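# Architecture at a glance
Given next are the chains, with one letter for each unit.
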Amino acid sequence: MSETNVIGNKNIIDIVKYRWVWLSLSVILIFPGLFAMIYSTITLPTHTPLKVGIDFTGGTVIQYGVKETVDNTSITKLRTSLDKHNIDSASIQIINANNSNDVANPESKASIQHIISIRTKFIDEKDQTSLAKVTSAVQADYPEANLISVNSVGPTLGKELYKNSLIAMGLAFIGIVAYLTIRFRLDYAVIALLSLIHDVLFVVGVFSILGLLYNVEIDSLFITAILTVIGFSVHDTIVVFDRVRENMRFLAKKASFDEIVNASVNQTLARSINTSLTTLITLLALYFFGGVTTKDFVLVMILGIAIGTYSSIFFASMLLAWHRDWDEAHKKGPKKQIEATV
């Protein structure tokens, strides 16, 4: 019996038929980031899959606003100047100050072209000598450089934040599995968890690549964004699974499970896409017109919502149908063996 006759609508997307396409696409999306994470774990001094900021390692970030244009040659010269002032292993990042809301003084904001962000080892608030050395090194190349901000996190606090972040993510996964097991079934919960891991690996992989190519570092806001993405993604997956469960009650005897999954996905397709698009429009506005300090947070949200929508529609549904097909095949296998023996 066709899905059109049973469900009352014609499917736009056949999830089950093209399951290998969705699986291959997921591999293509995740593999580069996974490779970058492994490479980062081996090569980075912290041996972490991403470049972590001072929130997790401890240190001090000092930012200066400059009127001049800063290029790669200028960065090399500045690093040499810092070394002469005994500021070793400093990490320098250049931020475009255009459309930035991070400069407190509106008058100086108009004249600042770039923000030089220098990350060093932890500098105590009472240690004005080290701060003066950094300022002296910067002003040697940029005489009119203005000190914008100084943010410090102690090494002990950084390790504690890193530990607590991992615990928070672990508890989130455990809570989601427990809730879905109670609300649906264990196999639904496991598949939803695999879908969440799929989404997190993609987002973390992208930031691992950005860390290697553009020295992008993650902070505590990154963990906040990841947890938000997890909540959004599982919410979208629950909507699809809930529709599958409802359709199973009335159509289990009239249609196969694959047909029910296809129909359920297509019934929720417009809702999922519309919800994600409206959210993405808002996030894109924040990304392009918001402050520099929130750009990475917003980028995590954009990537997470995009991949979460994809995984809820294609990845999780495909795994659910695949699991049921495998389960039914193994149940029929022993029955056939018994009948052949009799």
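Residues numbered from 1 in each chain as written. Predicted model: local features only at pLDDT ≥ 70, side-chain atom pairs only at ≥ 80, totals over all residues. Heavy atoms only, no water.

## Regarding the overall build of the chain
This is how the line gets drawn: Each helix is a run of H or I in the DSSP string that is no shorter than four residues. Each strand is a run of E no shorter than two, and both are numbered from the N terminus. Only protein chains enter the area calculation, which uses a 1.4 Å probe; residues under 20% of their type maximum are buried, those over 50% are exposed, and those in between are partly exposed. Contact between two residues is taken to exist if any of their heavy atoms lie within 4.5 Å; hydrogens are not considered. To be clear on the numbers: accessible area is Shrake-Rupley with a 1.4 Å probe, and residue cover counts the displayed protein chains and nothing else.
On a plain count of helices and strands, the chain comes out with eleven helices and four strands. Burial status across the chain gives 44% buried among its 342 residues. Pairs at least 24 apart in sequence give 80% of the contacts found in the chain among residues at least 6 apart. Working note: accessible area of the chain is about 18,300 Å², and carbon and sulfur atoms make up 62% of it.

## Here we look at the layout of surface pockets
Keep this limit in mind: Only protein atoms enter the 1 Å grid used here. Points where a 1.4 Å probe fits but cannot escape make up a cavity, open sets with protein on both sides within 12 Å along at least five of seven lines make up a pocket, and a residue lines them when an atom lies within 4 Å of a point. Grid points are joined across faces, edges and corners, and a volume is the space filled by probe spheres set on the points. Polarity classes work like this: nonpolar for Ala, Val, Leu, Ile, Met, Phe, Trp, Tyr, Cys and Pro, charged for Asp, Glu, Lys and Arg, and polar for all others, with Gly in that last group.
Roughly 1,100 Å³ of volume is contained in the largest pocket. What lines the largest pocket is a set of 37 residues, among which Gln93, Ile95, Val292, Thr293 and Asp296 lie closest to the centre. For the lining of the largest pocket, the residue count by class is 18 nonpolar, twelve polar and seven charged.

## A short note on helix α6 (residues 128–141)
Rule in force here: To estimate how far a helix should reach, multiply one less than its number of residues by 1.5 Å. Taking the helix axis as origin, the arc is that swept by the directions to the C-beta atoms.
Taking 1.5 Å per residue, 14 residues should reach 20 Å; α6 reaches 21 Å between its end C-alpha atoms and fits that length. Turning to α6, its buried residues are Ser130, Leu131, Val134, Thr135, Ala137 and Val138. Considered in projection along α6, the buried side chains sweep an arc of 160 degrees and stay on one side of the axis. Exposed positions of α6 whose direction lies more than 90 degrees from the buried face are Thr129 and Ala140. Check the buried side of α6 and you find it contacts β1 (59–66), α4 (72–84), β3 (114–120) and β4 (146–153).

## Notes on a nonpolar patch on the surface
The criterion, for reference: Within this analysis, patches are made of residues with over 30% relative accessible area and no salt bridge. Like charges are joined at 9 Å or less; nonpolar side chains (Val, Leu, Ile, Met, Phe, Trp, Tyr) at 5 Å or less. In what follows, salt bridge is the name for a side-chain nitrogen of Lys or Arg lying within 4 Å of a carboxyl oxygen of Asp or Glu.
Together, Val27, Phe31, Phe35, Tyr39, Leu212, Leu213 and Tyr214 give the surface a local cluster of nonpolar side chains, amounting to about 790 Å² of exposed area. The set of elements that each furnish at least two residues to the nonpolar patch consists of α2 (19–43) and α8 (186–214). Among the elements that line the nonpolar patch, the one with the most residues is α2, at four residues. Within the secondary structure layout, Tyr39 lies in helix α2. By relative accessible area, Tyr39 is classed as partly exposed at 45%.

## Examining the packing of aromatic side chains
Heads up, the condition is: Between 30 and 60 degrees the pair is tilted, below 30 it is stacked and above 60 it is edge-to-face, where a pair is any two Phe, Tyr or Trp rings, Trp via its six-membered ring, whose centres lie within 6.5 Å. Any Lys NZ or Arg CZ that is within 6 Å of a ring centre and within 35 degrees of that ring's normal is treated as a charge sitting over the ring.
Under the defined criterion, the tally for this structure stands at eight aromatic pairs. Their ring planes at 90 degrees and their centres at 5.3 Å tell us that Tyr287 and Phe288 sit as a pair that is edge-to-face. Ring-pair connections join several aromatic residues into one group, and the members of that group are Trp22, Tyr310 and Phe314. It is Lys295 that lies over the ring of Tyr287; its NZ or CZ is 4.5 Å from the centre. Across the ring face of Phe257, the terminal group of Arg324 is positioned such that the distance to the ring centre comes to 4.5 Å.

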